[in-house]
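The chain contents come next:
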Amino acid sequence: MRIAVAADELTGIAAALPQQLRARGHEPLLHGAYADGERPDWAWASERAARQVAEGAAEQAIVACWTGTGASIAANKVPGIRAALCGDGPTAAGARRFNDANVLALSLRSTSEAELAEILDAWLGASASDDVADTDNIAHLREIERG
């Protein structure tokens, strides 16, 4: 799977993130501090990764900043994106299952490499629910987005 990956600085889990994706057989598309010539700031880097998902160049994205909050906010401004800030595996699995989240947001500061592995396993191992209540909620999000 092609996964757009953005970080605003190369600290904390930043180096481990693309490595762990490659080890799982995925192709990271790198942005922000990972990419020469790109503006690394969280708003720009996260937007770039989220747009790749919205435009179909990547199936999912993972965005990260010091807390993960700014990266999540920026990604969620892109139409069609449902970014979830996840600090543990169960939250990541739930975001994929119940919210059909297509962008994972992470904290570079508070996520350990062990937690990163658990979060990635949960995120990549889960899929969107086909329960009517869940699909109705996702459909309503699209209505909200259209205004």
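Above this note sits the structure.
First, a word on what this report is: a plain description of the structure on this page. Note that this is a predicted model, so its numbers are computed, not measured.

Parameters at a glance
Sequence order sets the numbering: in each chain, residues are counted from 1 along the sequence as written. Local features in a predicted model are, by the rule used here, given only for residues with pLDDT of at least 70; side-chain atom pairs are given and counted only at 80 or more, and totals for whole chains, interfaces and linings are based on all residues. Computation of side-chain values covers all heavy atoms of the structure but excludes hydrogens and water. Type-normalised accessible area, obtained with a 1.4 Å probe on protein chains alone, sets the label of each residue: buried when under 20%, exposed when over 50%, and partly exposed for intermediate values. Every helix listed is a DSSP run of H or I at least four residues long, and every strand listed is a run of E at least two residues long, numbered separately from the N terminus. Here, strands pair whenever DSSP counts at least two bridges between them. Whether a crossover is right-handed depends on one test, that the path from the first strand over the helix to the second runs clockwise when the strands point away from the viewer. Take a side-chain nitrogen of Lys or Arg and a carboxyl oxygen of Asp or Glu: if they are within 4 Å of each other, that pair is a salt bridge.

### Focus: the pairing of strand β5 (residues 103–107)
Thinking step 1. The buried fraction of β5 amounts to 5 of the 5 residues, a majority that puts the element mostly inside the structure.
Thinking step 2. Where burial is concerned, the two faces of β5 agree: the one with V103, A105 and S107 and the one with L104 and L106 are both buried.
Thinking step 3. Sheet topology note: the strand β4 (residues 83–85)/β5 ladder contains 3 bridges and is parallel. Bridge assignment links A83 to a residue of β5, and that residue is V103.
Thinking step 4. Following the backbone out of β4, through helix α4 (residues 89–99) and into the adjacent parallel β5, one traces a crossover that is right-handed.

### Considering the pattern of salt bridges
Thinking step 1. As enumerated under the stated definition, the model contains 7 salt bridges in all.
Thinking step 2. Two residues, R24 and D121, come together in a salt bridge whose shortest N-O distance is 2.9 Å. Of this pair, R24 sits in the loop between α1 (16–23) and β2 (27–32) while D121 is found in helix α5 (residues 113–125), placing the two residues 97 residues apart along the sequence.
Thinking step 3. Looking at R24, the relative accessible area reads 28%, which means it is partly exposed.
Thinking step 4. One salt bridge connects D100 with R82, and the closest N-O pair in it is separated by 3.2 Å. In this pair, D100 is assigned in the loop between α4 and β5 and R82 in the loop between α3 (69–76) and β4, connecting sequence segments 18 residues apart.
Thinking step 5. Judged by relative accessible area, D100 falls into the partly exposed class, the value being 22%.
Thinking step 6. Relative accessible area serves as the criterion here: at 16%, R82 is assigned to the buried category.
Thinking step 7. One salt-bridge network, held together by shared partners, links R82, R96 and D100.

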